[in-house]
Amino acid sequence: MPPIGRTALFLLAFVIASLAVRDDTLMANGVPVVGPAIGVALLWLASSANWWLDGTLLLATSAVFGAVLQDDPWLALLGPVGLLAVFATVLGLRRWAPEMWGGGGREPMGTLAQFALLLLLAAVSSLVFVSARAALGVLLVDGESWAQLPLRISRSFTSIVALGTVGLLVGGRLAQHADRGAPLVRVTPTRVLELVGVAIMSAAIFVVGFVQHPAVPTTFMLGLAAVWVAVRFSPPTTSIVTVAMGIVALALSMNGHGPIAVIEDPAEQAVMTQVFLLALLVIGMAVSLTRRQLFETITRLQRSEDRLSHRAAELNLMLDHLNDGVAIVEEGGRIVHANPALGRLLSGPGERFQGLDRIRPAATYRLFHPDGRPLTDEEMPYLRALRGETVIDEEYHLRAPTLPAGRVLSISAVALPTEPGQPARSMATVRDVTAESEHRDALADFAGTVAHDLNNPLSVASGWAESLEEAFRSSDQVPATTGAPMVSHIQAATERMREFISDLLAHTVARDQALQCERVPLRNVVKDLEDTRLGPGSSRQEVETGELPDVWADRALVLQLLDNLIGNAFKYVAPGTVPRVQVLAEESDGWATVRVCDNGIGIPEDQRQRIFETFHRAGRKGYDGHGLGLAICKRIVERHGGRIWVTGNPEGQGSCFTFTLPTTAEALAAATARRES
Ligand code: ADP
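Computed from a prediction, not measured in an experiment: that's the story for all the values here.

**Q** So, the sheet that holds strand β10 (residues 543-545): which residues are in play, and what are the values?
**A** Ordered by their spatial adjacency, five strands build an open sheet running β10-β12-β13-β15-β14, and the pairing between neighbours is mixed. For this open sheet the edge positions go to β10 and β14 (644-648), each flanked by a neighbour on one side alone. Each strand axis lies, on average, 20° off the axis of its neighbour in the sheet, ignoring direction. In this sheet, strand β13 (residues 591-598) lies alongside strand β12 (residues 581-588) in antiparallel orientation, the contact comprising eight bridges.

**Q** Outline the sheet that holds strand β4 (residues 335-338), supporting the account with residue identities and numerical values.
**A** Strand order across the open sheet formed by six strands is β4-β3-β8-β7-β6-β5, with antiparallel pairing between neighbours. Edge strands, defined here as strands with exactly one partner in the open sheet, are β4 and β5 (367-368). Here strand β3 (residues 325-330) runs beside β4; their pairing, made up of three bridges, is antiparallel. Residue V329 lies in a different strand from β4, and its bridge partner there is I335. On the sheet, helix α13 (residues 434-474) packs against β6 (391-400), β7 (403-415) and β8 (425-432) and is oriented at approximately 110° with respect to β7.

**Q** So what about the packing of aromatic side chains? Which residues, and what values?
**A** Under the counting rule described, the total for this entry stands at nine aromatic pairs. When the centroid spacing of 6.2 Å and the interplanar angle of 10° are considered together, the rings of F10 and W44 count as stacked. Residue F10 is located in helix α1 (residues 3-20), and its partner W44 is located in helix α2 (residues 36-46); the two are separated by 34 residues in the primary sequence. Ring geometry for F500 against F615: centres 6.3 Å apart, planes inclined by 45°, an arrangement best described as tilted. A residue pair is termed long-range when its members are at least 10 positions apart, and F500 in helix α14 (residues 480-512) and F615 in the loop between β13 and α17 (629-639) qualify at 115 residues. We classify F500 as buried; its relative accessible area is 0%. An aromatic cluster is present here, built from F10, F14 and W44 joined pairwise through their rings. When the ring centre of W645 is taken as reference, the NZ or CZ atom of R643 above it lies at 4.4 Å.

**Q** Quick one: what's the story with the site of the ligand, residue by residue and with numbers?
**A** N568, Y572, R617, H626 and L630 are the nearest of the 21 residues found near the ligand. The contact in question runs from an oxygen atom of the ligand to an N or O atom on the backbone of L630, over 2.8 Å. Protein chains shield 98% of the accessible area of the ligand, which is 520 Å² for the free molecule. Taken together, the elements giving at least two residues each to the shell around the ligand come down to α16 (555-571), α17 and β15 (655-662). Counting residues per element, the shell around the ligand draws most heavily on α16, at three residues. Classifying every residue of the shell around the ligand by side-chain character gives nine nonpolar, eight polar and four charged.

**Q** Mind laying out the pattern of salt bridges, listing which residues take part and the relevant values?
**A** As enumerated under the stated definition, the model contains 26 salt bridges in all. In this structure, the salt-bridge partner of E351 is R366, at a minimum N-O distance of 2.8 Å. One end of the pair, E351, is in the loop between α11 (340-346) and β5; the other, R366, is in the loop between α11 and β5, with 15 residues separating them in the sequence. Of the residues examined, E351 reaches a relative accessible area of 28% and is grouped as partly exposed. In this structure, E395 engages R440 in a salt bridge whose closest nitrogen and oxygen atoms are separated by 3.1 Å. Of this pair, E395 sits in strand β6 while R440 sits in helix α13; the two residues are 45 residues apart in sequence, bridging distant segments of the chain. Of the residues examined, E395 reaches a relative accessible area of 25% and is grouped as partly exposed. Salt bridges here are not isolated pairs; linked through shared partners, they connect D371, R373 and E379.

Conventions we followed
Residues numbered from 1 in each chain as written. Predicted model: local features only at pLDDT ≥ 70, side-chain atom pairs only at ≥ 80, totals over all residues. Heavy atoms only, no water. Pairing = 2+ DSSP bridges. Helix = DSSP H or I, 4+ residues; strand = E, 2+ residues; numbered from the N terminus. Axes fitted to C-alpha atoms, helices over the stretch in contact; angles between N-to-C directions. Contact = heavy atoms within 4.5 Å. Phe/Tyr/Trp six-rings, centres within 6.5 Å; stacked < 30°, edge-to-face > 60°. Buried < 20%, exposed > 50% of the residue type's maximum accessible area, 1.4 Å probe, protein only. Lys NZ or Arg CZ within 6 Å of the ring centre and 35° of its normal. Near = heavy atom within 4 Å. Polar contact = N/O pair within 3.5 Å; in protein donor to acceptor, adjacent residues only side chain to side chain. Areas by Shrake-Rupley, 256 points an atom, 1.4 Å probe, with all protein chains shown as cover. Nonpolar A, V, L, I, M, F, W, Y, C, P; charged D, E, K, R; others polar. Salt bridge = Lys/Arg side-chain N within 4 Å of Asp/Glu carboxyl O.

This is how it looks when you write it as structure tokens:
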């Protein structure tokens, strides 16, 4: 509705409400018993978006009404002064209940505190402004007296509270409907039946208590009807029904029926009926709003309980799927929670760890310090955390018969915040760091070997350089027979260093560089190698090749692989033996199996696995090398999804290195996927 239309409607309602109470039956000692105009004024202002317009119109109408219709110019002043109680009430609501509809917000009155605020504001403002009006009235208007004051205050208070409560509740409900589409009323057959029941009960009480037996105190039973409505219906419905009951009681009393009608003074009688109406309203609202608040609290609690249990389920799921073990342990040793990973980490392959309900003696866990000492009960990380220590990433070794290589576990533990009245708790987390620890050890070995292998030739070169310097110092001329061997020693040492550095580089490339796979004919690779290794004019019979397939691989790496293997085959031969190398291959199911066999010195059985490790040499004196070539080969083959191993040469003396490589892109992709999963 446009604002101006709303203003016009309220203006009309205000005039009608003011005129309606001029009837003689509604007057007591010259004062109207009911004040609907006051209630209308309250709603007008409470819902106003334009206080200046609405407020001025309201005061002006009240002034005109008093001066013109009641034929007394002073009333133009008195009416507006009384109405200031309404202004004060609405201002109070805006100040102390701004979220509420009527106080400037959009929420319906929903708490007992808000209802109490309305009662308080109505009481104080009625007392102040109606008294001011009375004082002016006594001074200025003939026939006005202090005797009218209690009725006027009570009428103002009752009107503001009764119409205010109904109006604020209904207005809020309408606002909610407009904002969020909340239903205006919920009509169900049972609810309609119940309302009819309330109406019948109230009608019966009115007939019996007000008309038939006014001397018998049965009217209090209207309170029961008010409670019934309040317990079963919403606050707006409760306010409407209880105010309606109060109005019926008031109408009956004014017409001489009921217990209040026996009071002779009409003003006293009017005040009593107003008190009766208010009592019904207060009972209804107290029950209804308390019930609503309880309901809201329960709903809120239920929602947060649902949310919490949902979160707990999520967390449990997360814990169950963690690869790290997690346990929450209570003082005394009860394990409150342990995830499946913990059991897996504490047991060897094929075992099932049992003690996840409570902490067992330390020996059960088969954990050892890195120096080999077994973990004692007192040293258990959960216990140390309970004692206030924070255990961070400490390494322990798990030794089990089914785990010959052992397992390295990193354990942390921390005390959890204690809940009042509950035993102290700590949380321990366990992580498998075997691979990391192996990697770390390998890295340390690697660094040690690199330092040693670089240092060696360096000290040789610097030793010979020193000797050469010495020779120069002692004589101006060093004969070529002395100097030349020294220089060639220095050259040999630097050459060894150069080779070692280039091997290291090749090792890194084989490990890290992205594969650039293509169709690589092995035949051509071997031929190129033969040409470079043997040089033109050498006897070709030393490398014998069979039918060699194409492979799907990184060309540069395949070249390096075969170069290392053929190079070793030439290198590791007994002195005086003419090296003979055979490169043979067969193909099936997308894979080529290639064998490089030689007539060399062979490899002892117990060394056949270890020679593929970085820097491992089979201890052959008289053969140069750094122990990196086969590690590079292994890396290259494995990066292509294949395998490499060595056996003795079935044809007699020497060794046979066998490796597999994919011959199609699909085989390579399938092997890589298998490895990654
Ligand atoms: P390097 O040759 O630099 O020592 P490799 O990794 O190529 O390093 O080889 C590791 C060890 O394996 C060598 O020290 C050697 O003892 C052994 N080996 C490699 N190839 C052969 C071969 N064809 N015949 C005999 N022993 C070999």
